[in-house]
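Listed below, chain by chain, are the residues.
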Amino acid sequence: MSTQSTQAEPRHKRWLTRRPAIAAAAIAIAALAAAAAVSAPAASASPATRATPATPATAASPGYHGNLGIAKRYFGSTVEPYTGKETRTYRYTLTNARGMSVDLLSFGGITQEINVPGRNGKTADVVLGFKTMKDYLTNDSPPVTASGGPYFGETVGRYANRIAGGTFKLNGKTYTLPINNNGNTLHGGLVGFGDHVWSQVAEIHTSNEVGVTLQLVSPNGDASGAKGSPGCPDGCTGFPAELTVDVTYTLNNQDQYEIHYQAHNDSTSLSTVVNLTNHSYFNLAGQGSAAGSAYRQYVQINADRYSPTDTTQIPLPLANGVSVKGTPFDFISPRQVGSRIDDVSAPDNVPASFDALTKGESQLAIAQGYDHSWILNRQTASTTGPAGLNLAAHAWDPSSGRELTVWTDQPGVQFYSANFLTGTLTGISGDTYRQGAGYTFETQHFPDSPNNASFPTTTLRPDHTFTTSTIFAFSSNG
């Protein structure tokens, strides 16, 4: 189980401490088969509403190695909240020898597209996204919107998921954050990592993978706000300590898209809290598929337990959650996403003693579907896959034959069934997104860990580095 107390490294060497070489795809397939049998300065500045749409500019930095390629193109510009300056953004296209490609934006560290071959070699984009820079600025995580937006594809931080009441205690004081979701702080507040322009610090070419490393330096006091500013009626201190975040995105010839995170606490005296994830919504039939297509896809989650929440979606004070057995949250064996998503009369195994916090409501009713943290089972030989990571989840679409396996070193995965997509957003191919359009596998630490001593720590001590990796491995059965 990952912790946040990795020993400090020299700053100039931080991003160079890469993860182990990725194993062959056969390992992932073998582990999956075995696992199937196991039951076990200030945020008051906001991104500009002005943006330039993507243009078909020529590749500025193309590179090819063994049928692997990377191209860099201008995507648009916006005012960067940290500097207040108009800043250019770029789209990186990673391609491999098997017909798979990934489009990644320097704005928000956003995974815009993942194009994957399916049955008979037919390729489709399997993540939800927008077409232009303006679309992302207006719709993805607009800073003054009550619920923050859908966060399509974003690299989320400084703290992914929720912090109760927007407060936590650390360094002998109480820190306060902008409120943007049911009285809580969600995904870093009103201006999170997905609202910033990341800088390129490395480009990767090897015989088996291509990629790019993007960096964001989050200042001491990030997400602070003056009294009366949006989300901060009494003022917000923001997060303590400067944090340098390097995220490396790679694609290899085994159709594995890896995201490797590295966060260094640059302070010599202040601890901080860190929780990072990718917020891609997957639809293996293709993001432009018919309404409800994601509900018909099968999902398997390597977790015997999940964390039920109160009515504001903060985990109940249960150190080990509750069993998924006999509930709609049981994905130990593969089940269609939509098969039990509306069964609010089914047991959810929440003890009656918590009725005051849940108001007696079903967990499915509280979240309007699935939006919970599953506590991943302890890693075993049969659930160990590429780069020594633990199996988190598996999904597949019978109609296209596409499959996705998620591997991680994190203790949990937030499975979210896109409950708040209502048809008001138009995606990259011109289709509107509604419930049943996709689902997320947000590998991460648990929600509200800074306020729950029974959860694995998310505290990062001064001059220490936190690293974590997640691999999204794709395949096709036809």
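Everything numeric here is computed off the predicted structure, so don't read it as measured data. (Residues numbered from 1 in each chain as written. Predicted model: local features only at pLDDT ≥ 70, side-chain atom pairs only at ≥ 80, totals over all residues. Heavy atoms only, no water.)

This brings us to the overall build of the protein chain. Counting secondary structure elements, the protein chain contains 4 helices and 31 strands. Here the protein chain displays about 16800 Å² of accessible surface, and carbon together with sulfur accounts for 52% of that area. (Helix = DSSP H or I, 4+ residues; strand = E, 2+ residues; numbered from the N terminus. Areas by Shrake-Rupley, 256 points an atom, 1.4 Å probe, with all protein chains shown as cover.)

With that out of the way, let us pick up the nonpolar core. As a rule of thumb, nonpolar side chains are buried together in soluble globular proteins. In this structure, Ile114, Trp374, Phe415, Tyr439, Phe441 and Phe474 are the most contacted members of the largest nonpolar core, which totals 64 residues. Of all the elements, strand 14 (residues 243-252) adds the most residues to this core, at 5 residues. Apart from the residues lying within four places of it in its own chain, the contact partners of phenylalanine 415 are Val299, Ile301, Phe331, Val337, Tyr370, Asp371, His372, Trp374, Tyr439, Thr440 and Phe441. (Core = buried A, V, L, I, M, F, W, Y, C linked by side-chain atoms within 4.5 Å. Buried < 20%, exposed > 50% of the residue type's maximum accessible area, 1.4 Å probe, protein only. Contact = heavy atoms within 4.5 Å.)

Before going further, it helps to spend a moment on the sheet that holds strand 21 (residues 322-323). The sheet built from 6 strands is open, its strands ordered 18-29-26-23-20-21 with antiparallel pairing. The open sheet terminates on both sides in strands that have one partner only, identified here as strand 18 (281-282) and strand 21. Bridge analysis of strand 26 (residues 412-416) against strand 29 (residues 439-444) gives 5 bridges, and the strand direction is antiparallel. Bridged to valine 413 within strand 29 is threonine 443. (Pairing = 2+ DSSP bridges.)

A few words now on the packing of aromatic side chains. Here the structure, examined in full by the defined rule, presents 28 aromatic pairs. Ring centres of phenylalanine 130 and tyrosine 136 lie 5.3 Å apart, and the angle between their planes is 80 degrees; this geometry places the pair in the edge-to-face category. Judged by its relative accessible area of 1%, tyrosine 136 is buried. Ring centres of tyrosine 298 and tryptophan 396 lie 6.1 Å apart, and the angle between their planes is 15 degrees; on these two criteria the pair is classed as stacked. Placement of the pair is tyrosine 298 in strand 19 (residues 298-301) and tryptophan 396 in strand 24 (residues 390-396), with a sequence separation of 98 residues. For tryptophan 396, a relative accessible area of 22% puts it in the partly exposed group. Cluster of aromatic residues (ring-pair linked, three or more members): Phe282, Tyr306, Phe329, Phe331, Tyr370, Trp374, Phe415, Tyr439, Phe441, Phe472 and Phe474. Positioned over the ring face of tyrosine 90 is lysine 72, at 4.4 Å from the centre of the ring. Taking NZ or CZ as reference, arginine 340 lies 5.7 Å from the ring centre of phenylalanine 331, over its face. (Phe/Tyr/Trp six-rings, centres within 6.5 Å; stacked < 30°, edge-to-face > 60°. Lys NZ or Arg CZ within 6 Å of the ring centre and 35° of its normal.)

Turning to the state of the cysteines, a few remarks are in order. Per the stated rule, a full pass over the model turns up 1 disulfide. The side chain of cysteine 232 participates in a disulfide bridge whose partner is cysteine 236; the two sulfur atoms lie 2.0 Å from each other. Measuring handedness by torsion sign, the sulfur bridge of cysteine 232 and cysteine 236 sits at about -110 degrees and is left-handed. Each member of the pair, cysteine 232 together with cysteine 236, is buried. (Disulfide = S-S within 2.5 Å.)

The next thing to look at is the pairing of strand 31 (residues 465-476). Burial analysis of strand 31 places 9 of its 12 residues in the buried class, the great majority of the element. Here strand 15 (residues 256-265) pairs with strand 31 via 9 bridges, running antiparallel. Bridge pairing in strand 31 links tyrosine 257 to phenylalanine 472.

With that settled, consider the side chain of glutamine 112. Structurally, glutamine 112 is set in strand 5 (residues 110-117). With sequence-adjacent residues up to four places away left out, glutamine 112 is seen in contact with Phe75, Arg91, Asp103, Leu105, Asp125, Val127, Leu128, Gly129, Phe130, Lys131, Tyr136 and Ile428.

Let's shift gears to the side chain of arginine 340. When you line up the elements, arginine 340 lands in the loop between strand 22 (335-336) and helix 3 (355-358). Buried charged residue arginine 340 carries no salt bridge. Nearest counter-charge: aspartate 330, at 5.5 Å. At 3.4 Å, the side chain of arginine 340 and the backbone oxygen of proline 328 are in polar contact. (Lys, Arg positive; Asp, Glu negative; His and termini not counted. Salt bridge = Lys/Arg side-chain N within 4 Å of Asp/Glu carboxyl O. Polar contact = N/O pair within 3.5 Å; in protein donor to acceptor, adjacent residues only side chain to side chain.)

Reading across the sheet, the 9 strands line up as 12-13-14-15-31-25-24-19-22 and stay open at both edges, with antiparallel pairing between neighbours. Every other strand in the sheet has two partners, leaving strand 12 (199-205) and strand 22 as the edge strands with one partner each. Looking at chain direction, strand 12 and strand 13 (residues 209-218) are connected through 6 bridges and run antiparallel. Pairing of isoleucine 204 across the sheet is with glycine 211, part of strand 13.

Here the amide bond leading from glycine 157 into arginine 158 is cis, since omega sits at 5 degrees, within 30 degrees of zero. By the element assignment, arginine 158 lies in the loop between strand 7 (155-156) and strand 8 (162-163). Non-glycine residue glutamine 368 carries a positive phi angle of around 60 degrees. Within the fold, glutamine 368 resides in the loop between helix 4 (363-367) and strand 23 (371-375).

What follows concerns the pairing of strand 2 (residues 68-80). Counting buried positions along strand 2 yields 12 of 13 residues, so the element is predominantly enclosed. By the bridge criterion, 11 bridges tie strand 2 to strand 3 (residues 85-95) in an arrangement that is antiparallel. Bridge pairing links glutamate 80 to lysine 85 in strand 3. Count of turn residues in the strand 2/strand 3 antiparallel hairpin: 4 residues, of which glycine 84 carries a positive phi of about 75 degrees.

Further remarks concern the pattern of salt bridges. Under the counting rule described, the total for this entry stands at 2 salt bridges. Here arginine 98 ties to aspartate 255 by a salt bridge, and the two come within 3.1 Å at their closest N and O atoms. Of the two residues, arginine 98 is situated in the loop between strand 3 and strand 4 (101-105) and aspartate 255 in the loop between strand 14 and strand 15; the sequence distance between them amounts to 157 residues. Its relative accessible area of 48% is what places arginine 98 among the partly exposed residues. A relative accessible area of 5% means that aspartate 255 is categorised as buried.

What follows deals with the confidence of the model for the protein chain. In regions of low pLDDT, the predicted coordinates are not meant to be interpreted in detail. Scored by pLDDT, the protein chain has a mean of 88; 85% of the residues are at 70 or more. Under a pLDDT of 50 for its full length, residues 5-62 has, in the predicted model, 132 contacts with residues more than four places off or in other chains. (pLDDT = per-residue confidence, 0-100.)

Among the secondary structure elements, proline 462 is positioned in the loop between strand 30 (459-460) and strand 31. Along the primary structure proline 462 and leucine 270 are separated by 192 residues, whereas in three dimensions their C-alpha atoms are 5.5 Å apart. Residues contacting proline 462, with those up to four places away along its chain left out, are Asn265, Ser267, Thr268, Ser269, Leu270 and Ser271.

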